[in-house]
Structure formats: structure tokens, C-alpha cells
Amino acid sequence: MTDYLDGVLGPDDQALMEAHLAECESCAEHLRQIRITVAVTGRIREDDLAPAVREDLMDLYRRWQHDRET
């Protein structure tokens, strides 16, 4: 899904993803939620977050990154 959002899929994979999204309501909703999250978090500045919240988010990101690498 992230490769699709980042526009890095090849033409064949892009077409497959778009066909799947047209038929799969769950994946289309998941994509919609990701887009909303990206739009909202893209407007958050570091100063907008309490230090504890920022650290929680960073920990979550680090765990996600670690899981992607393993």
C-alpha cells in the first residue's frame, strides 16, 4: 500500500492495485484512512506535541521500522 501511495509501483503493479482497490472495499477504506492520516500528521509540528506523546510516536515508528526490516 505504501509503494502505491508513494508512486513507486511499476505500471503492471499499479494497474493491479487499482483494480483491486476498485473491488475491495476494505482495502479502499484502508487506503482512505492512510491518506487522511498522512494529511493530518503532515500538519503537526514538533511543538504541537507534548514530549511524552512525541516519544510514544517515535517508539511506535521505531517498532514499525524494526518489524519492516526483519
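(A) Local environment of a nonpolar patch on the surface. Among the surface-exposed residues, Ile-36, Val-40 and Ile-44 lie close enough to one another that they form a single nonpolar patch of about 230 Å² accessible area. Here Ile-36 shows up in helix α3 (residues 25-41). Ile-36 sits in the partly exposed class, given a relative accessible area of 41%.

(B) Region of interest: the pattern of salt bridges. Under the defined criterion, the tally for this structure stands at four salt bridges. For Asp-48, the salt bridge is made with Arg-45, and the minimal N-O distance between the two is 3.0 Å. Overall, Asp-48 belongs to the partly exposed group, its relative accessible area being 42%. Salt-bridge contacts for Glu-55 lead to Arg-62; the nearest nitrogen and oxygen are separated by 3.3 Å. Taken together, the salt bridges that share partners define one network made up of Glu-55, Asp-59 and Arg-62.

(C) Structural view of the packing of helix α2 (residues 11-23) against α3. Orientation of α2 relative to α3, taken along the N-to-C sense of each, is 105°, at an axis distance of 5 Å. The orientation of α2 with respect to α3, classified from their angle, is roughly perpendicular. Where α2 abuts α3, its residues His-20, Leu-21 and Glu-23 lie against Glu-25, Cys-27, Ala-28 and Leu-31. Counted by class, the contact of α2 with α3 contains four nonpolar, one polar and two charged residues.

Definitions and limits used
Residues numbered from 1 in each chain as written. Predicted model: local features only at pLDDT ≥ 70, side-chain atom pairs only at ≥ 80, totals over all residues. Heavy atoms only, no water. Patch = residues over 30% accessible without salt bridge, like charges linked within 9 Å, V, L, I, M, F, W, Y side chains within 5 Å. Areas by Shrake-Rupley, 256 points an atom, 1.4 Å probe, with all protein chains shown as cover. Salt bridge = Lys/Arg side-chain N within 4 Å of Asp/Glu carboxyl O. Helix = DSSP H or I, 4+ residues; strand = E, 2+ residues; numbered from the N terminus. Buried < 20%, exposed > 50% of the residue type's maximum accessible area, 1.4 Å probe, protein only. Axes fitted to C-alpha atoms, helices over the stretch in contact; angles between N-to-C directions. Parallel < 35°, antiparallel > 145°, perpendicular 65-115°, else oblique. Contact = heavy atoms within 4.5 Å. Nonpolar A, V, L, I, M, F, W, Y, C, P; charged D, E, K, R; others polar.

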